Amino acid sequence: MSLATRDGVPVDAPIAPPKVVRQRRTRPGLLGLAVLLIALGGLGAAFAVTSVRATGSYLAIARPVEVGRILTADDLVSVQVSGGAGLSPVPAKKRDEVVGKRAAVSLVPGSLLTMAQLTDAPLLGQGQQQIALGLEPSRVPARKLHPGDKVLLVSTPDEDSDNAPSSTRFTATVIDTLTPENDDVVIYLALAVRDVPAVVVLAAQERIALVLTEAA
C-alpha cells in the first residue's frame, strides 16, 4: 500500500470512491412506439401479400360488340387485373359460359366484361323491330337511359299545318343508348312493327318527344 507524506509524516493516501454505473432507464413511450412500428410493418406486409394474391385473370372486350349481337370467343381477351375492389369482372375461366350470350349493351374494346352486360333473352320481342332515334339532350327524359326502360314516343304538332294540334303515342323499350361526339343522344328502341313507319317519318321531321314511363 503506497503512503503519502505530509511534512515528513507518512499518512494514508486517500482512496478513490468506486464508480457507480448508472443503469439506463427504458422509457415506456419509446417502447410502445417500437411495438407500434413493428405491428404496422406486419400489416403492410400482409396487405402487400393480399394485393398480390388478388391479381387474377379476367375477360375483357377485344373488339366492338354492338348491342344485341351474340358474343363469340374472338370478341374476348384475357387480362391480368390486380385488386379489383368494387368491380365484378368475369373470370377468364368462365369464357365458355359467356360465349353465346347476347350483348345487352354496346361493349367497348379494352373494358372489363361483367355479367350485367349480357343476357340470354332476345332484345326484340315477337312483332318488334329496332330503330334508332337521334335526339338533343334536352329531349331525353333522363340523364342516362338504361336497357329495359319503358318509354312513350309522342308526336309533336306540325308547325306548318293549319289543322288543330293532335298527337299520336307509341310505346317502346330502350335497348341501348349512345352519345356521339356531336352531343346528340342516339337511342336504340324496340318498337312494334306497325308503328315503325310512322315513327321514322316523325323522327325525320324532328317531331318526336320521348317520355320515360317505367325505369328498368
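Structure report, in brief.

### Digging into the overall build of the chain
Part 1 of the reasoning: Each helix and strand counted, the chain has three helices and 11 strands in total.
Part 2 of the reasoning: The secondary structure elements of the chain, listed N-terminal to C-terminal, are β-β-α-β-β-α-β-β-β-β-β-β-α-β.
Part 3 of the reasoning: Evaluated residue by residue, the chain yields a buried proportion of 26% over its 216 residues.
Part 4 of the reasoning: Across the chain, the fraction of contacts at a sequence separation of at least 24, relative to all contacts at a separation of at least 6, is 61%.
Part 5 of the reasoning: For the chain, the computed accessible surface area is about 15100 Å², with 56% contributed by carbon and sulfur atoms.

### Comments concerning the pattern of salt bridges
Part 1 of the reasoning: All told, the structure shown has five salt bridges when counted by the stated rule.
Part 2 of the reasoning: As a salt-bridge pair, aspartate 75 and arginine 63 come within 2.5 Å of each other at their nearest N and O atoms. Of this pair, aspartate 75 sits in the loop between β3 (56-61) and β4 (76-81) while arginine 63 sits in the loop between β3 and β4, placing them 12 residues apart in sequence.
Part 3 of the reasoning: The exposure class assigned to aspartate 75 is buried, which follows from its relative accessible area of 0%.
Part 4 of the reasoning: Assessed through its relative accessible area of 37%, arginine 63 is described here as partly exposed.
Part 5 of the reasoning: Its salt-bridge partner being aspartate 75, residue arginine 69 comes within 3.5 Å of it at the nearest N-O pair.
Part 6 of the reasoning: Connected through salt bridges with shared partners, the residues Arg63, Glu66, Arg69 and Asp75 form a single ionic network.

### Re the layout of surface pockets
Part 1 of the reasoning: For the largest pocket, the calculated volume is near 230 Å³.
Part 2 of the reasoning: Taken together, 15 residues form the lining of the largest pocket, with Ser106, Leu107, Val108, Asp176 and Leu178 sitting closest to its centre.
Part 3 of the reasoning: Taken together, the residues of the lining of the largest pocket sort by class into nine nonpolar, three polar and three charged.
Part 4 of the reasoning: Computed from the structure, the second largest pocket encloses a volume of approximately 180 Å³.
Part 5 of the reasoning: Lining the second largest pocket, in full, are Leu133, Gly134, Leu135, Glu136, Arg139, Asp184, Ala203, Glu206 and Ile208.
Part 6 of the reasoning: Of the residues contributing to the lining of the second largest pocket, the split by class is four nonpolar, one polar and four charged.

### With respect to helix α3 (residues 196-204)
Part 1 of the reasoning: Three or more residues of α3 are buried, namely Val196, Val199 and Leu202. The buried residues of α3 occupy an angular sector of 130 degrees when projected down its axis, which confines them to one face. Exposed residues on α3 whose side chains face more than 90 degrees from its buried face are Pro197 and Ala204.
Part 2 of the reasoning: Next to the buried residues of α3 lie β7 (128-135), β8 (150-155), β9 (169-178), β10 (185-192) and β11 (208-214).
Part 3 of the reasoning: Phi for glutamate 206, located one or two positions after α3, is positive at around 55 degrees.

Definitions and limits used
- Residues numbered from 1 in each chain as written.
- Predicted model: local features only at pLDDT ≥ 70, side-chain atom pairs only at ≥ 80, totals over all residues.
- Heavy atoms only, no water.
- Helix = DSSP H or I, 4+ residues; strand = E, 2+ residues; numbered from the N terminus.
- Buried < 20%, exposed > 50% of the residue type's maximum accessible area, 1.4 Å probe, protein only.
- Contact = heavy atoms within 4.5 Å.
- Areas by Shrake-Rupley, 256 points an atom, 1.4 Å probe, with all protein chains shown as cover.
- Salt bridge = Lys/Arg side-chain N within 4 Å of Asp/Glu carboxyl O.
- 1 Å grid on protein atoms, 1.4 Å probe; cavity = no way out; pocket = protein on both sides within 12 Å on 5 of 7 lines; lining within 4 Å.
- Points joined across faces, edges and corners; volume = space filled by probe spheres on them.
- Nonpolar A, V, L, I, M, F, W, Y, C, P; charged D, E, K, R; others polar.
- Arc of directions from axis to C-beta.

Keep in mind these numbers describe shape, not what the thing actually does.
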